Amino acid sequence: MLAVVNTPGGTAPVELREVADPQPAPNEALVEVRAFSLNRGELRLFQIRPEGWRPGQDIGGVVLRPAADGSGPAAGTRVVALTDNAGWAERAAVPAHRMAALPDNVLLEEAAALPVAGLTALRTLRHGAPLLGKRVLITGAAGGVGHMAVQFAARSGARVTAVVGGPERGRHLRGADEIVEGIDKVQGRFALILESAGGSSLAAAIARIEAKGTIVIFGNSSGDPTPFSFRNLAEHPNARIQGFSYFTSEAEDRFAPDLALLAGLVADGSLKPHLVEHSWRELARIGPLLRDRQIRGKAVFHID
Ligand SMILES: NC(=O)c1ccc[n+]([C@@H]2O[C@H](COP(=O)([O-])OP(=O)(O)OC[C@H]3O[C@@H](n4cnc5c(N)ncnc54)[C@H](OP(=O)(O)O)[C@@H]3O)[C@@H](O)[C@H]2O)c1
């Protein structure tokens, strides 16, 4: 079968190559992958993983053969699924508890956008629950995680301020009470801040947290450090700085219910992922656009 393979020493960071078919473990289903999405964090993996490593976490596809242990969806079920790696291929082995069946009106391309970004949006926001009536600030709001977090926070009753990098960047956002170009222009304080840009953005976020509020730090897209001392929190007593990793933030057996929740929110119209769609043969061209902040929402690829 064809699969995306890491080629850090080559002319492109990844290539499509012929590889052996997956051999699913007893708890894994064999999935025919129809669409997948690319995350910013995976761009870094292309650089640090060895030649021949197989990337790919977010997939939408159809179960070809269910898990031998009888768990998970039946053959023929359309699913959203999360793999550790090797998901960007014509077929993938996926643990049965890391997938959920799709409602009929959810496209496989929409499903492919959900796992990493959707779980991160959902689970970072849980650190501020209940959100009804609270002010929530979201940095990197134009991106994959950010645009979904804005919609979830709004649906939960929060008053959402979305930070974007420029006038065109916020066009696709739904649910924001205000869209602000740059965190320095943000007014007031917030009960919950989702911060992923790092550097001066994190410093500005700390200055805008309410007393007893929570800043969830889940990324450092800028790569810049942030000077910090206890004095920075002097005017924000008992505020909390919360680290976050989507993979370990909740128990392993919560993946399937949360993936089902995300798919259900798409089905009922509460979540509209913004997709930028291409053939998977364009992956090496689109990666740099994501890196350079040229993609709004999620970059999704069809396996054609
Ligand atoms: N901890 C976890 O479990 C976890 C899970 C998923 C993602 N992440 C991290 O969370 C961040 C967001 O992920 P994503 O998939 O949503 O990425 P994305 O789609 O590339 O979105 C990132 C957004 O951040 C904004 N940004 C602000 N300053 C930036 C800078 N200096 N460099 C690059 N972008 C900047 C960009 O929008 P503007 O140009 O409009 O500012 C961009 O849309 C990434 O750092 C990622 O590695 C962490």
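Packed helix pairs are characterised by how far apart their axes lie and by the angle those axes make with each other. Put simply, helix α3 (residues 115-125) and helix α4 (residues 144-155) touch, their axes get as near as 8 Å, and they point 45° apart. The angle between α3 and α4 falls in the class oblique. Of the two possible hands of crossing, α3 and α4 adopt the one that is right-handed. Two secondary-structure elements touch here, α3 through Ala-117, Gly-118, Thr-120, Ala-121, Leu-122 and Leu-125 and α4 through Gly-144, Val-145, Met-148, Ala-149, Phe-152 and Ala-153. Split into classes, the residues belonging to the contact of α3 with α4 amount to nine nonpolar, three polar and no charged.

Tallied over the entire structure, the rule returns six aromatic pairs. Note on Phe-36 and Trp-280: the rings are 6.4 Å apart at their centroids and 70° apart in plane angle, and the pair reads as edge-to-face. Placement of the pair is Phe-36 in strand β3 (residues 28-38) and Trp-280 in the loop between β14 (275-279) and α7 (283-291), with a sequence separation of 244 residues. For the residue pair Phe-36 and Trp-280, the accessibility class agrees, reading buried in each case. Ring geometry for Phe-247 and Phe-255: centres 5.6 Å apart, planes at 55°, overall tilted. Residue Phe-247 is classed as partly exposed on the basis of its relative accessible area, which comes to 22%. For Phe-255, a relative accessible area of 0% translates into the label buried. Put simply, the rings of Phe-36, Phe-46, Trp-88, Trp-280 and Phe-301 pair up and form one aromatic cluster.

Moving on to the sheet that holds strand β12 (residues 209-217). Pairing is parallel across the open sheet formed by six strands, whose spatial order is β10-β9-β8-β11-β12-β13. Only two strands of the sheet have a single partner each, and these edge strands are β10 (178-181) and β13 (240-243). Ignoring strand direction, the axes of neighbouring strands in this sheet form an average angle of 20°. As judged from the three bridges shared by strand β8 (residues 135-138) and strand β11 (residues 190-195), these two strands associate in the parallel manner. Each bridged residue has a counterpart across the sheet, and for Ile-138 the counterpart in β11 is Leu-194. Docked against the sheet, α4 engages β8, β9 (159-164) and β11, running at close to 175° with respect to β8.

The rules behind these values
- Residues numbered from 1 in each chain as written.
- Predicted model: local features only at pLDDT ≥ 70, side-chain atom pairs only at ≥ 80, totals over all residues.
- Heavy atoms only, no water.
- Axes fitted to C-alpha atoms, helices over the stretch in contact; angles between N-to-C directions.
- Helix = DSSP H or I, 4+ residues; strand = E, 2+ residues; numbered from the N terminus.
- Parallel < 35°, antiparallel > 145°, perpendicular 65-115°, else oblique.
- Left-handed = near helix turned anticlockwise from the far one by under 90°.
- Contact = heavy atoms within 4.5 Å.
- Nonpolar A, V, L, I, M, F, W, Y, C, P; charged D, E, K, R; others polar.
- Phe/Tyr/Trp six-rings, centres within 6.5 Å; stacked < 30°, edge-to-face > 60°.
- Buried < 20%, exposed > 50% of the residue type's maximum accessible area, 1.4 Å probe, protein only.
- Pairing = 2+ DSSP bridges.

Shape is all these values report; function is a separate question.
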